[in-house]
Amino acid sequence: MEWLYRIFYTVLSLGIMAVLILPVVLLVRFLMRNFEKKYMVWEWYFVYLRSICPIALSSPLCMIPVFNRKYHMLLSQMGLSLTEDAGIMSSWTAVYKGEITATATFKCCSIIWLAGVVLVLCYNMLSQHQLKKILRQAKPLGENIYESSWVSSPVLTGVIHHRLYLPENTSSKEATWLLKHMEHHKKEVFGRWILCFIQAVHWFNPVMWLYYYFWNMDAEMAKDERTVYHQKENVLREYTQALLNFDGPSEKRVSFSILSVYERNTKQRAYRMMYQKWDTSNRKLAGILAVTVLVIWLFLLVPMQIAWSGETWGSPADTEETLFDKNDNDVIAKTDTVSPEGLGRIIQLEKTSGTKEKQGYRGDFRVVMYDSLGNMLVSKKMQDIFPESDNKEYYFSKGLKLCTGDYNQDNVQELVLGQEEEMTQNEFQDMLQKTDKEIGSKAAENAKKISDYRVFSYALLAIEDDDLQVVRDNIYAVSGDEGQKESISFEVPENTKGLFCVPFAETEVYYVWNEKSRTYEQKTLTKGEIEEYQLEDSENNEEGETQNHTLEDSEGTTQVLVSTKKDSTGSEVVQSVTLSPRKRAKKYDEIRGYYCDLFWVFTEDEEKERYAMMIYNGEKAQTFVIYDTQTKSVYYQHEDGTELLQALFRQYQEEEITFRENSAVLYNVTEKKGDVLTISFAASADDGMTVKGSYDYNVKEKVSGNLTYSRTAGDEN
């Protein structure tokens, strides 16, 4: 039944859009009330196409970001959970990819909607069949023209072979006008089948029935105009009188459906034709322009925005979904972290004003910290983070990841945020000299032109329980690396505590934590001084024995170093994980748990000895983290608990198997193919059951699937 939920979600999205565009459509119709109706009929075709075409659905709203975001948020709250919270706004195909979960209410509404579609279609087809059955008694007049006492207005039937039925006692003059008028209705017979399907799909939407009413009226008037196009006033009066004569009694002897083609709205049409004025050249141009503007607004604004930004339709950038928050600010990047008390925190970089460029965002920003319930705890403007900067606007790259780390080992995570500095050659040389006398002079001697480097000024923000404190700014990084970004992880020398280094032209600058001043001081450290610092650090540390675990590649090179320390129970507590410890090392110290094992992930040949996995006992489960030794980054870190596992079983509607938050669970990776991990698990479920199995997880798309499992009762051996 998932296909039904996906289709109903798409129909709901299109239905909501049909409601939102109503004011503009009615305004256009009002402004064009004195124009020839053919232009409005064209516009109705595009409005109906919008009601069934999910492509570029955000076009009518993309010029007003606030409305666009609210529409997106509304779609995400309709009862259908989509992968990565990506709705139809990112791409209409996103609804049909990955796994979905639907609430009971949404499922019930989907079934009711389908029943309504079937009912509307059946009613119209049965009504049309009944009409043809009644009209079989009509008297033939020749050339597929018939006369019937059952109809009070002319009726046209047949998709291929048309038949025209006239009321009894229709005069020859009226019949002449009628034949001309109904000739323009022949193509409409087939179109009404399409219209019937659209109305059936949107049977629950009163706005679509309002559109149908206005379309009927405008289409009839357009055919009137075609029948007597550019005729003189006396001809118009004749045709008007014929229309009034077609107006029969109010109670029809037969019922008509959407599929029926018959004369209607005759009084309104007659009144209009009585005062009909034909369009001039200027009005024709205005009508064509109005149709063109409406088409662009309904379908092409999003593709035009993409083309304007230098991207292409269907490119990855097109499907990249901008995040939204409840404060209507663009969220450029965000990360999850914990406070010193262990409470969940969300850090977001939000754009408060500015523009979107091809490679990033430019304008004014702020850093905001929320608690796990989404309540704002603190907000920092860029001017507060970079107080000495003269920048009036700031820039952040697309796809930016916020990097955090505990560089002084005080159990307080620190956020790194920076901006690229634009300098002349003289300013560059002065900056090198002023940074530090000894190292600045050395760097100035070795440094080349400013065009060979990128200069970033970074700040460190300590993530407190309910505050963000700037503990150091003006951390200059001078690097030729094109991959340098506005948030990075500083490198920490092996087995050190309380210091980190940044690239500085052809050398490095060290920043050391000063406990008394509660800030980082810039220092020039030689290799020997770093060793002394390491020695002092280990001598002053009396909390148990330090152990190192390494993982080497086939050439004998150490790629991963895990440092642990035994606690009072003899268990090894993970202190840090260092990638490429013998080269330009990358250190991670966010793992909280007891070390279990370290080995290479079983992968395909081209990725052999690239991904390293450390298994550890967390606070809630035996879990794992995978490191990419090639990019020196965390490839995937599994959850510490049963929350993800419980969500997976609900996704497969295995509601009878439930896991408590503190249930025992073991995770492991058995295989990696591309970006898909095969994760095995063994967990204790409620009612004394033990559940074992595996599932696939796509790290890139963040999609879980292919769940297989077995369960064993608690009293079985």
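Because the structure is a prediction, the values reported are computed rather than measured.

**Student:** Would you take a moment to explain the sheet that holds strand 6 (residues 163-167) for this structure?
**Tutor:** Either a parallel or an antiparallel arrangement is found when strands of a sheet pair, and the pairing is made through backbone hydrogen bonds. The sheet built from five strands is open, its strands ordered 3-4-6-5-7 with mixed pairing. The two strands at the open ends of the sheet, each matched to only one other strand, are strand 3 (139-142) and strand 7 (261-262). Here helix 5 (residues 104-135) sits on the sheet in contact with strand 4 (145-148), strand 5 (155-157) and strand 6, set at roughly 110° to strand 5.

**Student:** Just to check I follow, could you spell out the pattern of salt bridges for this structure?
**Tutor:** Where charged atoms from two side chains of opposite charge approach closely, those side chains can pair. Throughout the structure, instances matching the rule amount to twelve salt bridges. With its nearest N and O atoms 3.6 Å apart, the salt bridge here joins Glu36 to Lys38. By relative accessible area, Lys38 is classed as partly exposed at 29%. The salt bridge involving Lys37 is made with Asp218; its shortest N-O contact spans 3.2 Å.

**Student:** I'm lost on the packing of aromatic side chains in this one. Help?
**Tutor:** The geometry of an aromatic ring pair is captured by two quantities: the separation of the ring centres and the angle between the planes. Enumeration over the complete set of coordinates arrives at 27 aromatic pairs. Aromatic pair Tyr212 and Trp215: ring centres 6.4 Å apart, planes at 20°, arrangement stacked. Of this pair, Tyr212 and Trp215 are both found in helix 8 (residues 206-227), three residues apart, which corresponds to roughly one turn of the helix. Using a relative accessible area of 11% as the deciding quantity, one classes Tyr212 as buried. Ring centres of Phe490 and Phe500 lie 4.6 Å apart, and the angle between their planes is 5°; on these two criteria the pair is classed as stacked. Pair noted here: Phe490 is in the loop between strand 17 (468-479) and strand 18 (499-504) and Phe500 is in strand 18, with a separation of ten residues, a long-range link. A single burial state applies to Phe490 and to Phe500, both of which are buried. Aromatic ring contacts, followed pair by pair, group Tyr407, Phe456, Tyr458, Phe490, Phe500, Tyr511, Trp513 and Tyr520 into a single cluster. Its guanidinium or amino end placed over the ring of Phe30, Arg33 lies 4.1 Å from that ring's centre, counting from NZ or CZ.

**Student:** Looking at this structure, how should I read empty space enclosed by the protein?
**Tutor:** Once rolled over the atoms, a probe with the size of a water molecule shows which space is left empty. Counted by the stated rule, this structure contains one cavity of 30 Å³ or more. Taken as a whole, the largest cavity holds about 60 Å³ of empty space. For the largest cavity, the full set of lining residues is Gln128, Lys132, Leu156, Thr157, Gly158, Val159, Val189, Trp193 and Leu259. Secondary-structure elements contributing two or more residues to the lining of the largest cavity are helix 5, strand 5 and helix 7 (186-201).

What counts and how
Residues numbered from 1 in each chain as written. Predicted model: local features only at pLDDT ≥ 70, side-chain atom pairs only at ≥ 80, totals over all residues. Heavy atoms only, no water. Pairing = 2+ DSSP bridges. Helix = DSSP H or I, 4+ residues; strand = E, 2+ residues; numbered from the N terminus. Contact = heavy atoms within 4.5 Å. Axes fitted to C-alpha atoms, helices over the stretch in contact; angles between N-to-C directions. Salt bridge = Lys/Arg side-chain N within 4 Å of Asp/Glu carboxyl O. Buried < 20%, exposed > 50% of the residue type's maximum accessible area, 1.4 Å probe, protein only. Phe/Tyr/Trp six-rings, centres within 6.5 Å; stacked < 30°, edge-to-face > 60°. Lys NZ or Arg CZ within 6 Å of the ring centre and 35° of its normal. 1 Å grid on protein atoms, 1.4 Å probe; cavity = no way out; pocket = protein on both sides within 12 Å on 5 of 7 lines; lining within 4 Å. Points joined across faces, edges and corners; volume = space filled by probe spheres on them.

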